[in-house]
Amino acid sequence: MPKRLLKRLLPHHSTIREHKHLRHLGERLHDPNLWHLNRRSVSTATAVGLFVCYLPIPMQMVIAALLAVWLRTNLVIAVSLAFVSNPFTMAPMFYAAYKLGTFILRQPEQELNFELSLEWLTHGLAAVWQPFLLGSFLMGSLLALTGYIAVRLIWRVSVIHKWRTRHAGKR
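Residues numbered from 1 in each chain as written. Predicted model: local features only at pLDDT ≥ 70, side-chain atom pairs only at ≥ 80, totals over all residues. Heavy atoms only, no water.

## Notes on the overall build of the protein chain
Of the regular secondary structure elements, the protein chain holds 8 helices and 0 strands. In the protein chain, the succession of α and β elements from N to C terminus is α-α-α-α-α-α-α-α. In the structure as shown, the protein chain presents an accessible area of about 11700 Å², 66% of it carried by carbon and sulfur atoms. (Helix = DSSP H or I, 4+ residues; strand = E, 2+ residues; numbered from the N terminus. Areas by Shrake-Rupley, 256 points an atom, 1.4 Å probe, with all protein chains shown as cover.)

## A short note on a nonpolar patch on the surface
A cluster of nonpolar side chains, contributed by M59, V62 and L66, occupies part of the molecular surface with about 290 Å² of accessible area. Inspection of the secondary structure puts V62 in helix α4 (residues 60-71). (Patch = residues over 30% accessible without salt bridge, like charges linked within 9 Å, V, L, I, M, F, W, Y side chains within 5 Å. Salt bridge = Lys/Arg side-chain N within 4 Å of Asp/Glu carboxyl O.)

## A look at α4
The terminal C-alpha atoms of α4, which comprises 12 residues, lie 16 Å apart, in line with the 16 Å expected from a rise of 1.5 Å per residue. Turning to α4, the residues buried within the fold contact α3 (39-52), α5 (75-82) and α6 (90-105). Just past α4, the residue R72 takes up positive phi, approximately 55°. (Expected span 1.5 Å × (residues − 1). Contact = heavy atoms within 4.5 Å.)

## Let's talk about the environment of Y148
Inspection of the secondary structure assignment puts Y148 in helix α8 (residues 129-170). Judged by its relative accessible area of 29%, Y148 falls in the partly exposed class. Taking C-alpha positions, Y148 is 8.4 Å from V42, a pair spaced 106 residues apart along the chain. In contact with Y148, not counting residues within four places along its chain, are S43, T44 and A47. (Buried < 20%, exposed > 50% of the residue type's maximum accessible area, 1.4 Å probe, protein only.)

## Regarding unusual backbone geometry
Look at R72: it is not a glycine, yet its phi comes out positive at around 55°. Of note, R72 is situated in the loop between α4 and α5. The class for R72 is partly exposed, based on a relative accessible area of 42%.

## Examining the packing of aromatic side chains
For any two aromatic rings, the description comes down to two numbers: the centre-to-centre distance and the angle of the planes. Overall, the coordinates contain 3 aromatic pairs when judged by the stated rule. Aromatic pair F51 and F137: ring centres 6.0 Å apart, planes at 90°, arrangement edge-to-face. Note that F51 is positioned in helix α3 and F137 in helix α8, a separation of 86 residues in sequence. Taking the centre distance of 6.4 Å and the plane angle of 65° together, the rings of Y54 and F94 count as edge-to-face. In this pair, Y54 is assigned in the loop between α3 and α4 and F94 in helix α6, connecting sequence segments 40 residues apart. The class for Y54 is buried, based on a relative accessible area of 7%. On the basis of relative accessible area, F94 is assigned to the buried category, the value being 13%. Every member of this aromatic cluster is reached through a ring pair, and the members are Y54, F94 and F132. (Phe/Tyr/Trp six-rings, centres within 6.5 Å; stacked < 30°, edge-to-face > 60°.)

## Some remarks on the nonpolar core
Core analysis: the largest hydrophobic core is formed by 17 residues, its most contacted members being W35, V42, V52, A64, L75, I77 and A78. Mapped onto this core, the elements with two or more residues apiece are α3, α4, α5 and α8. Ranked by residues supplied to this core, first place goes to α5 with 6 residues. If you look at the next biggest cluster of nonpolar residues, it comprises 8 residues, including Y54, F94, A97 and V128. (Core = buried A, V, L, I, M, F, W, Y, C linked by side-chain atoms within 4.5 Å.)

## As for the environment of R152
Tracing the sequence through the fold places R152 in helix α8. Of the residues examined, R152 reaches a relative accessible area of 27% and is grouped as partly exposed. For the pair R152 and R40, spaced 112 residues apart in sequence, the C-alpha to C-alpha distance is 7.7 Å.

Written out as structure tokens, the structure is:
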């Protein structure tokens, strides 16, 4: 994996530790595992971030940060990947999750006339919550597993390539 590129793109851990909204976390943010860039840390953080982006709840980045701290994996990558779900991508992602849920549960698709109101949330969502939540869980799990495996493979191929290049130069 391009470790140098990641180090250039990600903010330094001291910047995050000293952020005014994060100082209250205290010693938990001083765990070096939250800032390491190694195969385990990046692949697990990728899985966490990609799973959380499919949770149909607000403030997904908080859940990603809590899971990253709990699992002792790279905090910045986990939180960054939670932003895959954003106002532009949320509708197609959640619609695909709903379609997957209806397919697995063998339920007919409901016609949805979305309104941003409390009445729609209580009545309209009641008809689709089971396939929607099942599809979201499955899509999040599948995306997390795919991301985890992809990062592990890319990292391994990159290390093998560097090793072979280094050894070819010595010959």
